[in-house]
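Summary of the model geometry
Here are the chains, one letter per residue:
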Number of protein chains: 4
Amino acid sequence: MSIKVGIIGATGYAGVELVRLLLGHPQAELAAVGSVSFEGKPISEVYPSLAGIFEAVLTSDEQVLEKSEVIFASLPHGLSEKYAASCAAQGKVFIDLGADFRLWAEEDYKQWYGLEYDDLALHQSAVYALPELYREQIKGKKILGNPGCYPTSIGLGLYPALKNELIDTNSIIIDSKSGVTGAGRGLSQTTHYPDCNEAFSPYKVAEHRHTPEIEQTLSDIAGEPVTVTFVPHLLPVNRGIVSTIYGALKKEVTLDEVHAVYTSTYAKEQFVRVCPIGGAANLKNVRMSNYCDVSLHLDERTRRLIVVSAIDNMGKGAAGQAIQNMNIVCGLPENTGLNSVPPCF
Amino acid sequence: MSIKVGIIGATGYAGVELVRLLLGHPQAELAAVGSVSFEGKPISEVYPSLAGIFEAVLTSDEQVLEKSEVIFASLPHGLSEKYAASCAAQGKVFIDLGADFRLWAEEDYKQWYGLEYDDLALHQSAVYALPELYREQIKGKKILGNPGCYPTSIGLGLYPALKNELIDTNSIIIDSKSGVTGAGRGLSQTTHYPDCNEAFSPYKVAEHRHTPEIEQTLSDIAGEPVTVTFVPHLLPVNRGIVSTIYGALKKEVTLDEVHAVYTSTYAKEQFVRVCPIGGAANLKNVRMSNYCDVSLHLDERTRRLIVVSAIDNMGKGAAGQAIQNMNIVCGLPENTGLNSVPPCF
Amino acid sequence: MSIKVGIIGATGYAGVELVRLLLGHPQAELAAVGSVSFEGKPISEVYPSLAGIFEAVLTSDEQVLEKSEVIFASLPHGLSEKYAASCAAQGKVFIDLGADFRLWAEEDYKQWYGLEYDDLALHQSAVYALPELYREQIKGKKILGNPGCYPTSIGLGLYPALKNELIDTNSIIIDSKSGVTGAGRGLSQTTHYPDCNEAFSPYKVAEHRHTPEIEQTLSDIAGEPVTVTFVPHLLPVNRGIVSTIYGALKKEVTLDEVHAVYTSTYAKEQFVRVCPIGGAANLKNVRMSNYCDVSLHLDERTRRLIVVSAIDNMGKGAAGQAIQNMNIVCGLPENTGLNSVPPCF
Amino acid sequence: MSIKVGIIGATGYAGVELVRLLLGHPQAELAAVGSVSFEGKPISEVYPSLAGIFEAVLTSDEQVLEKSEVIFASLPHGLSEKYAASCAAQGKVFIDLGADFRLWAEEDYKQWYGLEYDDLALHQSAVYALPELYREQIKGKKILGNPGCYPTSIGLGLYPALKNELIDTNSIIIDSKSGVTGAGRGLSQTTHYPDCNEAFSPYKVAEHRHTPEIEQTLSDIAGEPVTVTFVPHLLPVNRGIVSTIYGALKKEVTLDEVHAVYTSTYAKEQFVRVCPIGGAANLKNVRMSNYCDVSLHLDERTRRLIVVSAIDNMGKGAAGQAIQNMNIVCGLPENTGLNSVPPCF
């Protein structure tokens, strides 16, 4: 079986990471790669690392839609709806790596993105596609909202704790640090090398657009509304996110017991690795992979649980997870094309 | 006036930063630089950046004590007491950049460092030398415990908030990130370039030895015992610390009001800069300097205050502050030798 | 078919990169991984990136030899001969990533490494295994000297020019820059993060041990003795080598003609990519891969050819090439297990 | 004495480094800072590292000219002539950090920059201001062409060798590596963090505009036309240049003798440090300073001299040298304001 896949926005960072991974996917055939900025050029001209490997000419988005059965889109928010609708009409699968199909509540989308849903039914037919939490709901869907990078690291980091009511839902503070690819390929002063090398700073403090998505997932796990403090920081590395998450324990549990809850929750999940007690999740161990490493720590003195979650923002945080989702909707083993071993350095 | 100063442990990172700063200090004369590992060699052989500028031969610690009026010591914990006692006996000033004279309560020292105080009276004659908080107590003292890097960033970050009872003292969570020089010049796997480049991870989660020092300061400000959660991370940059500090507001205040409290508290402090509202403290702005930049953020949704504090771990976090302290005890203008402008890149 | 492979020195950087690549090799089975320093521990304890993927316990070298049909060794020089002899005696394949089987002339080995060959016949039965130059000689061999990282980048960079007598063999100057993994996993002051971050310097100027290996290859291509000036530099990146090579043109050729010579020479070589005229080889395009990118430049004013060659020092410069060699001696398609697409960032 | 100084282009990297250094210059008063892009804003808004230290409002270039006695200009080529003429007319000093007053031969300017000189006499009244070579000519001049960063590192690196006819002037090959600030503050894909971090590549191979400037200096020293091969590379660090320079020895000299020539040539030069034999120039030792470190190496096997020269591209390669030049023309001690000790990390 070979699935014809296409990418809209293939020259963005998430897009080209999709290209890289899909080239190694045994059941996918890259039928078309789209780019508004570079249409008509071979993608290997934009990314010379692809020279001799994949030199397809970048096409229009329309061609991507036409030639593909599964379409990945990596677009600024507000642009995905029309493509999703078109796919839905043709029975094609649309996996959106942008924000347009992540939020269940239109008011959240309005509040944080300033836009409305043109077609509410379309959104209701979509699924928020975090496989470890919503695997069953993903199956059979045609429109998938692929989770954001921060929300993925946080949702996976807190799922066992909230599911098992270990922490107070009012106490959650999330301090995240993201590599610079998270800011995209577009130029900006903050991502100019001399500005972000040997630098470190938070940004969009307590006002990052991933906040409602994080809260949507945590609330759904907890079964009650969860509001969090979320502060992202720009980290001078290319790839990777580390989220350090703090929550007040509301049960008398030991670290061993918390660890047991996490390991049993994720016992069957290939892509979530719970570090042994004493270890600390490090983004270096998950780069170029679809893994999420989670380490657990207990501050005995304040009875706070500290969860550290590390992913590759472009892997499990974007392209890797999108392929995992494709595998689910296409009925393939979930790890197909995602088994490359993360490099040690 | 020229003060004869000496450094014990001059080839460690804090020690050699002291050398660099003292060479530019108009009232200090570097009388002796000591090193156990490199005794007998010129310091410029260990640090070629000093070639042609300062080529003094490294001596024994005893010689440093003998030749100097003010002695800076940068030693592993447990080694400073005898030098301090010797200085005290001779009426010399001893500024300890290590941990031995920072903790008021011997039980804290026992618990976190595993050692006892040999001479309690000596410790009682010492001062915890964070100038912005304890300026008056520092004057006239002979033994100074120079604060740790993390505690400096945190004490300065929280001082106005706690002094003015803006936040709940039980709610404080501190997520700190330090450049690699914080781990010292000694070799280790975690500071081996390929291990820490393109990496990020916490370490000593909720068990770092700076915790009791942080709590001592915060408790003293608050006038009640403060217990915090403190998680340090290793940041792939040479210098700098950013502490992101979270606390629950216990008053109905606006961000403007909090900002006004901070700016008025630090109005006369040259070395603490409160960022304008909307700005974020960034370690790039304080590198190679004695500044502490503090930015203020309010999470309206959870009513948490977020304070971001940035220092150079080797400047305000070690050598710069030590010189500031020397200036205080020697009756010099506090900024003498500390006015170099931080580089923009 | 499944080949039982083993690695001696599996926790060194080249060794663990072999592990990573061999785990993705469809015809290899990792039968044993050896380590003197960590024997008895799971390799995933040394490299947590392997957790959940490969947790084999590290064994003695003897066990590696016993359990494997193909043995890779990554050892300090002087230690490989006995293992090679043992393999030869048992008809096993021994691929040495160290220096012991690279030099044809024992006097070179004596001069540069200070050691003699114990068993000259053994060395004579070995092959210097740079596939693009010596593919036919590699086939059927049991002892392979896997080329050094610098010599690989340089041999591939100059092969077409020397083969076609484009440049004066007395004029060759090679300025190479290597990422820090090239210095290995062992700790040293020069690879301590604060010492090599934001730093750049040459080392072993005109006296690096790869010099005789480089000259052996270039002399063999040219059919006459070639002596070069070779200066390596330490580059603050994890992986990758760029060699900038200068040679005086001895023919009236245009850049187009030189380019045509290179593209035709390498027309059938998957792993050597000649950049289009105007492009420049960049290590970022070959990281994590077995590619060697070569760009060509002509200084019209001085009539010098400038060849820039980029490889991943741990890929084509070590582990990748070793697997390419295994594929050759085992009769597999040469690119088996080596088709992962280099990441774009 | 206090000299009123002004900066045209103060928000570029060279401009703001001038600001930083001039703020520490005891005889300079920063009278005006100009910026086309940020006119009307305080400079500390563009560079928050200056907050509380220097918050002057950026003005028009005209105001800078009006208010200052010494004007530094850091502008794209082709824009300096009119300002220089205006200064000359008013007897003010004009120090140009751009390329417009560096080349003696108008045909070089035409060929490499595509422009003509509007006022040849103006150019003839200017001086190429590399102090160690042209100190006497600089004195009394009003228009100074401050050397480029690469040419500074190379001119100082080769001066003793060429002056003493140690090397063949036809044999010179220069392989330079520059930190990213060399590309300026303007945004570009190549200086986007994820593009240049963990990357290394040459650029403008054998066609960089500094080539004629390099050759002008070398020819002048040698007393005969010198043509060189010059290849710059982009180095993933913020600051610093290392030039590795190759030349064929034309005399029977030993390394000791070459070293003696260099040390005696530079015996009275504070800002050029000749490394001891066995040492290697490293940009980490000269960052944030006006030093040029030079190390000497001899390839006995090929009889080539290898000179490695390291400067801070923004210090000795731009702003530091400009201030050194100001000191010369203003009759101040040459090192005034330039004595800060380079940091060890």
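Residues numbered from 1 in each chain as written. Chains lettered and ligands numbered in written order. Predicted model: local features only at pLDDT ≥ 70, side-chain atom pairs only at ≥ 80, totals over all residues. Heavy atoms only, no water.

Time to look at the overall build of chain A. In terms of regular secondary structure, chain A is built from twelve helices and 13 strands. What you see for chain A is a C-alpha radius of gyration of 20 Å, in line with the 20 Å of a compact globule of 345 residues. Dimensions of chain A along its principal axes, counting C-alpha atoms only, are 60 × 45 × 40 Å. Expressed as a percentage of contacts within chain A between residues at least 6 apart in sequence, the contacts between residues at least 24 apart total 70%. Only carbon and sulfur atoms are counted for the fraction: they give 49% of the accessible area of chain A, which is about 11000 Å². (Helix = DSSP H or I, 4+ residues; strand = E, 2+ residues; numbered from the N terminus. Rg over C-alpha atoms; globule rule 2.2 N^0.38 Å. Contact = heavy atoms within 4.5 Å. Areas by Shrake-Rupley, 256 points an atom, 1.4 Å probe, with all protein chains shown as cover.)

The subject of this paragraph is the domain arrangement of chain A. All names here are of chain A. If you check the domain split of chain A, you get domain 1 (3-146 + 316-329) and domain 2 (150-313). For domain 1 versus domain 2, the distance between C-alpha centres works out to 24 Å. The interface is formed by 27 residues belonging to domain 1 together with 29 residues belonging to domain 2. For the domain 1 and domain 2 pair, buried surface summed over both sides reaches about 2500 Å², with 54% attributable to carbon and sulfur atoms. One can count three salt bridges joining domain 1 with domain 2. (Domains from an automatic or database assignment. Buried area = accessible area lost by both parts, 1.4 Å probe. Salt bridge = Lys/Arg side-chain N within 4 Å of Asp/Glu carboxyl O.)

With that settled, the discussion passes to the confidence of the model for chain A. For chain A, mean pLDDT is 97; residues scoring 70 or higher make up 100% of the total. Listed scores for the predicted complex are pTM 0.98 and ipTM 0.97. (pLDDT = per-residue confidence, 0-100.)

Laying chain D over chain C is done by rotating through 180 degrees and shifting 0.0 Å along the axis; what remains is an RMSD of 0.0 Å. Viewed as a symmetry operation, the transformation between the two copies matches a two-fold axis. Most of the interface of chain D is mirrored in chain C, where 100% of its interface residues again form contacts. (Least-squares fit on C-alpha atoms with pLDDT ≥ 70 in both.)

Quick look at the pattern of salt bridges now. Applying the stated criterion across every chain, the model contains 60 salt bridges over all chains. Note that Lys41(A) and Glu45(A) form a salt bridge whose closest N and O atoms lie 3.8 Å from each other. With its nearest N and O atoms 3.1 Å apart, the salt bridge here joins Lys139(C) to Glu136(C). Under the relative-accessibility criterion, Glu136(C) is labelled exposed at 54%. (Buried < 20%, exposed > 50% of the residue type's maximum accessible area, 1.4 Å probe, protein only.)

Once that is clear, we can look at helix 12 (residues 315-329) of chain C. Residues and elements named next belong to chain C. A bend of about 45 degrees at Gln321 is the largest found in helix 12. Along helix 12, 15 of the 15 residues are buried, which leaves the element largely enclosed by surrounding structure. Once helix 12 ends, the next one or two residues include Gly331, with phi positive near 75 degrees. (Bend = angle between axes of the 7 residues up to and from the residue.)

Right, let's talk about the relation of the copies chain C and chain B for a bit. Superposing chain C onto chain B takes a rotation of 180 degrees plus a shift of 0.0 Å along the axis, which leaves an RMSD of 0.0 Å. A shared interface surface links the copies, since 100% of the contact residues of chain C are contact residues in chain B too.

In this complex, chain C contributes 20 residues to the contact, which on the side of chain B involves 20 residues. Summing both sides of the interface, chain C and chain B together bury roughly 1700 Å²; the carbon and sulfur share of this comes to 53%. Of all residues in chain C, Leu187(C), His192(C) and Tyr193(C) give up the largest surface area on contact with chain B, accounting jointly for 40% of the area buried on that side. Run the count over chain C and chain B and you get zero salt bridges. For the side of chain C that touches chain B, the leading source of residues is helix 9 (residues 193-196) of chain C, giving four residues. Across the side of chain C that touches chain B, the residue classes tally to eight nonpolar, nine polar and three charged. (Nonpolar A, V, L, I, M, F, W, Y, C, P; charged D, E, K, R; others polar.)

Let us look at the sheet that holds strand 2 (residues 28-34) of chain C. All names here are of chain C. The strand order across the open sheet built from six strands is 2-1-3-4-6-5, with neighbouring strands paired in parallel fashion. The open sheet has two free edges, formed respectively by strand 2 and strand 5 (127-128), since each of these has just one partner strand. In terms of strand pairing, strand 1 (residues 3-8) meets strand 3 (residues 70-73) through four bridges, oriented parallel. Opposite Val5, over in strand 3, you have Val70 as the bridge partner. (Pairing = 2+ DSSP bridges.)

Here we come to the interface of chain D and chain C. Counting residues at the interface gives 46 residues for chain D and 47 residues for chain C. Interface of chain D and chain C: buried area, both sides summed, is about 3700 Å²; carbon and sulfur atoms make up 57% of it. Summed over the three residues of chain D that lose the most area to chain C, namely Glu198(D), Phe200(D) and Arg301(D), the buried surface amounts to 19% of that side. Our count for the chain D to chain C interface comes out at four salt bridges. Between Arg301(D) and Glu215(C) there is a salt bridge, and its shortest N-O distance comes to 2.3 Å. Taken together, chain D and chain C are joined by 28 residue pairs in polar contact (both at pLDDT 80 or more). (Polar contact = N/O pair within 3.5 Å; in protein donor to acceptor, adjacent residues only side chain to side chain.)

Looking now at empty space enclosed by the protein. Inspection of every chain in the model, using the stated rule, returns seven cavities of 30 Å³ or more. Its boundaries defined by the atoms lining it, the largest cavity holds a volume of some 110 Å³. By residue class, the composition of the lining of the largest cavity is nine nonpolar, four polar and four charged. (1 Å grid on protein atoms, 1.4 Å probe; cavity = no way out; pocket = protein on both sides within 12 Å on 5 of 7 lines; lining within 4 Å. Points joined across faces, edges and corners; volume = space filled by probe spheres on them.)

For the rest of this paragraph, the subject is the packing of aromatic side chains. Taken as a whole and judged by the stated rule, the model has 40 aromatic pairs over all chains. With 5.9 Å between their ring centres and 70 degrees between their planes, Phe271(B) and Tyr291(B) make a pair best called edge-to-face. Here Tyr291(B) lies in the loop between strand 11 (272-274) and strand 12 (292-299) and Phe271(B) lies in the loop between helix 11 (255-265) and strand 11, a separation of 20 residues in the sequence. One exposure class covers both Phe271(B) and Tyr291(B), and it is buried. An aromatic cluster of three or more residues is present, and its members are Trp104(A), Tyr128(A) and Tyr134(A). Sitting over the face of the ring of Tyr291(A), Arg273(A) holds its NZ or CZ atom 4.2 Å from the ring centroid. (Phe/Tyr/Trp six-rings, centres within 6.5 Å; stacked < 30°, edge-to-face > 60°. Lys NZ or Arg CZ within 6 Å of the ring centre and 35° of its normal.)

All names here are of chain A. Spatially, seven strands are ordered 8-9-7-10-13-12-11 in an open sheet, and the strand pairing comes out mixed. For this open sheet the edge positions go to strand 8 (201-202) and strand 11 (272-274), each flanked by a neighbour on one side alone. Pairing of strand 11 with strand 12 (residues 292-299), which is carried by three bridges, proceeds in the parallel orientation. Looking across to strand 12, one finds that Arg273 is bridged to Asp293.

Let us look at the side chain of Arg102(D). Residue and element names in this part refer to chain D. Inspection of the secondary structure assignment puts Arg102 in the loop between strand 4 (93-96) and helix 5 (106-113). One polar contact links Arg102 to Glu213, side chain to side chain, over a distance of 3.4 Å. With near-sequence residues (within four places) excluded, Arg102 lies in contact with Leu97, Tyr128, Gly145, Asn146, Pro147, Gly148, His210, Glu213 and Gln216.

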